[in-house]
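# Structure at a glance
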Amino acid sequence: MKPPLSSPTSSSVLRKARFSPYLFTLLAFIIFVAVLYGEDFRCIGELGSESEGRPIEQRRENLPFAVGEIEGGRCDVFSGMWVRDESNRPLYQESECPYIQPQLTCLEHGRPEKEYQFWKWQPHDCSLPKFNATLMLESLRGKRMMFVGDSLNRGQYVSMVCLLHSLIPEDAKSMETFDSLTVFTAKEYNATIEFYWAPFLLESNSDNAVIHRVSDRVVRKGSINKHGKYWKGVDILVFNTYLWWMTGLNMKILRGSFDDEVKDIVEVTTEDAYRMAMKSMLKWVGKNMDPKKTRVFFTSMSPTHAKSIDWGGEAGGNCYNETTMIEDPTYWGSDCRKSVMEVIGEVLSKSKVAITFLNITQLSLYRKDSHTSIYKKQWSPLTPEQLANPVSYADCVHWCLPGLQDTWNELLFTKLFYP
């Protein structure tokens, strides 16, 4: 066998190839991509748990729909304080949005004051851009936006519709419900804003959009496609799941089908069950959403205020008759499970799927004043005992509209257009 050539001519050829314009261009491109997306890769590993059990905000740039940066530069928009702004709040009037369900129309159902409407969220190191309904509608032209989850995500969905509908003529908009799917259509924009009922994201025995009050809840493992087939083709997807998992320390998981005569059901910890759902969601997103054209958001858990002793109130009380917010910046209620927040941080930090985290938990924890409480439609007649004790039937889970959930959408708007 002949030894490798080592003539001056051969060496010269190798040197020229090594520094050819094509190789130089390839090298420059690789460096450019590394710089451009370096922040995106780093942010995946940064989403972990802080000492309070809250995930660090996930940061991404160069994303679809982005138009710029927040004035004042990048900051944690979820860290801040509530400030009174009576001149600009509320963003719409309850009576002017016909799409609000009677479960959320607090003034119509007798709430005597509306202080809860006059507060805006002010991040510590920057200001949120003003919600621009025109920009949102133009960006949705020819597209679909969908909220997927439970009644709390439905509240955020209705809030978004209320923020946009006044720009659309009456004969150019409609809202229809098809089983688990509710669709608001802006006809002139060829755009839809949709809500899909899936409280666990996975298939469960609570999937009926109307009759779903099941105490013995069961979730089917590996069943995300049961609902996911209705999410395909969506351009902006907003997930939420939390409240329905809070049935105790354990959760029942079905291995097999709900149609099986003998069902194989096992119990696992709520955290393990929730982790399973999160991983299924991310796997579905990775397979079905194009990160170059679409955006996916995950909203953290919406807190409840069922125990007034948590914020220094009297034992046995809850959000009923509360008209002021909690001022302790470190407040964390006992009915807001940190371990679930830690699961969110753990799963998202290990994922390479492009998803934006909306950490609304802490800012919502301060708002014990913003729940619907007793000021909502009651689907069953109240007993004399309940009427004598309003605390017993106060809803400290859902939120009045207009109100807190409009802020959630301002944060969604910010992360969509100014990531």
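Structure: see above.
First, a word on scope: everything that follows refers to the structure included in this document.

Looking only at helices and strands, the chain has ten helices and 14 strands in total. For the chain, the accessible area works out to roughly 20400 Å², and carbon and sulfur atoms hold 54% of it.

Here the focus is the pattern of salt bridges. Once their charged atoms are close, side chains differing in charge can pair, the charge on each being opposite to the other. As enumerated under the stated definition, the model contains 17 salt bridges in all. Between arginine 144 and glutamate 194 there is a salt bridge, with the nearest N and O atoms lying 2.8 Å from each other. With arginine 144 in strand S3 (residues 144-149) and glutamate 194 in strand S6 (residues 191-197), this pair connects stretches of sequence that are 50 residues apart. Across the salt bridge formed by glutamate 346 and arginine 275, the nearest N and O atoms sit 2.9 Å from each other. Linking glutamate 346 in helix H7 (residues 338-350) with arginine 275 in helix H6 (residues 270-288), this pair joins segments that are 71 residues apart in sequence. Taking relative accessible area as the criterion, arginine 275 reaches 18% and is therefore assigned buried.

This part covers the state of the cysteines. What makes a disulfide is a covalent bond joining the sulfur atoms belonging to two cysteines. Following the criterion strictly, the structure yields four disulfides and no others. Paired through a disulfide, cysteine 75 and cysteine 126 show a sulfur-sulfur distance of 1.9 Å. Of this pair, cysteine 75 sits in the loop between helix H2 (21-46) and strand S1 (80-84) while cysteine 126 is found in the loop between strand S2 (119-123) and helix H3 (133-139), placing the two residues 51 residues apart along the sequence. On the accessibility criterion, cysteine 126 (7% relative accessible area) is buried.

Now for the sheet that holds S6. Judged by pairing direction, the sheet is mixed, and its seven strands sit side by side in the order S4-S5-S6-S3-S8-S11-S12 without closing on themselves. Each edge of the open sheet is held by one strand with a lone partner, namely strand S4 (173-178) and strand S12 (356-358). Across this sheet, the average inter-strand angle for adjacent strands is 15 degrees, counted without regard to direction. Judged from the three bridges that link them, strand S11 (residues 295-299) and S12 form a sheet pairing that is parallel.

At a closest axis distance of 9 Å, the pairing of helix H4 (residues 151-164) and helix H10 (residues 404-417) adopts a crossing angle of 75 degrees. In terms of orientation, H4 and H10 fall into the roughly perpendicular class. Contacts from Leu152, Gly155, Gln156, Ser159, Met160 and Leu163 of H4 reach H10 at Gln405, Asp406, Trp408, Asn409 and Leu412. The residue inventory of the contact of H4 with H10, partitioned by class, reads five nonpolar, five polar and one charged.

Moving on to the packing of H6 against H7. Put simply, H6 and H7 touch, their axes get as near as 10 Å, and they point 35 degrees apart. By crossing handedness, the relation of H6 to H7 is classed as right-handed. Taken together, the residues of H7 that come into contact with H6 (itself represented by Glu271, Tyr274, Arg275, Met278, Lys279 and Leu282) are Ser339, Val340, Val343, Ile344, Glu346, Val347 and Leu348.

The next subject is H4. Taking 1.5 Å per residue as the helical rise, H4 with its 14 residues ought to reach 20 Å, and the 20 Å between its terminal C-alpha atoms agrees with that figure. Of all the 14 residues making up H4, 14 are buried; the element is thus mostly covered by neighbouring parts of the structure. Backbone nitrogen of leucine 152 and a side-chain oxygen of the N-cap are separated by 3.0 Å at the start of H4; the cap is aspartate 150.

Criteria and cut-off values
Residues numbered from 1 in each chain as written. Predicted model: local features only at pLDDT ≥ 70, side-chain atom pairs only at ≥ 80, totals over all residues. Heavy atoms only, no water. Helix = DSSP H or I, 4+ residues; strand = E, 2+ residues; numbered from the N terminus. Areas by Shrake-Rupley, 256 points an atom, 1.4 Å probe, with all protein chains shown as cover. Salt bridge = Lys/Arg side-chain N within 4 Å of Asp/Glu carboxyl O. Buried < 20%, exposed > 50% of the residue type's maximum accessible area, 1.4 Å probe, protein only. Disulfide = S-S within 2.5 Å. Pairing = 2+ DSSP bridges. Axes fitted to C-alpha atoms, helices over the stretch in contact; angles between N-to-C directions. Parallel < 35°, antiparallel > 145°, perpendicular 65-115°, else oblique. Contact = heavy atoms within 4.5 Å. Nonpolar A, V, L, I, M, F, W, Y, C, P; charged D, E, K, R; others polar. Left-handed = near helix turned anticlockwise from the far one by under 90°. Expected span 1.5 Å × (residues − 1). Polar contact = N/O pair within 3.5 Å; in protein donor to acceptor, adjacent residues only side chain to side chain.

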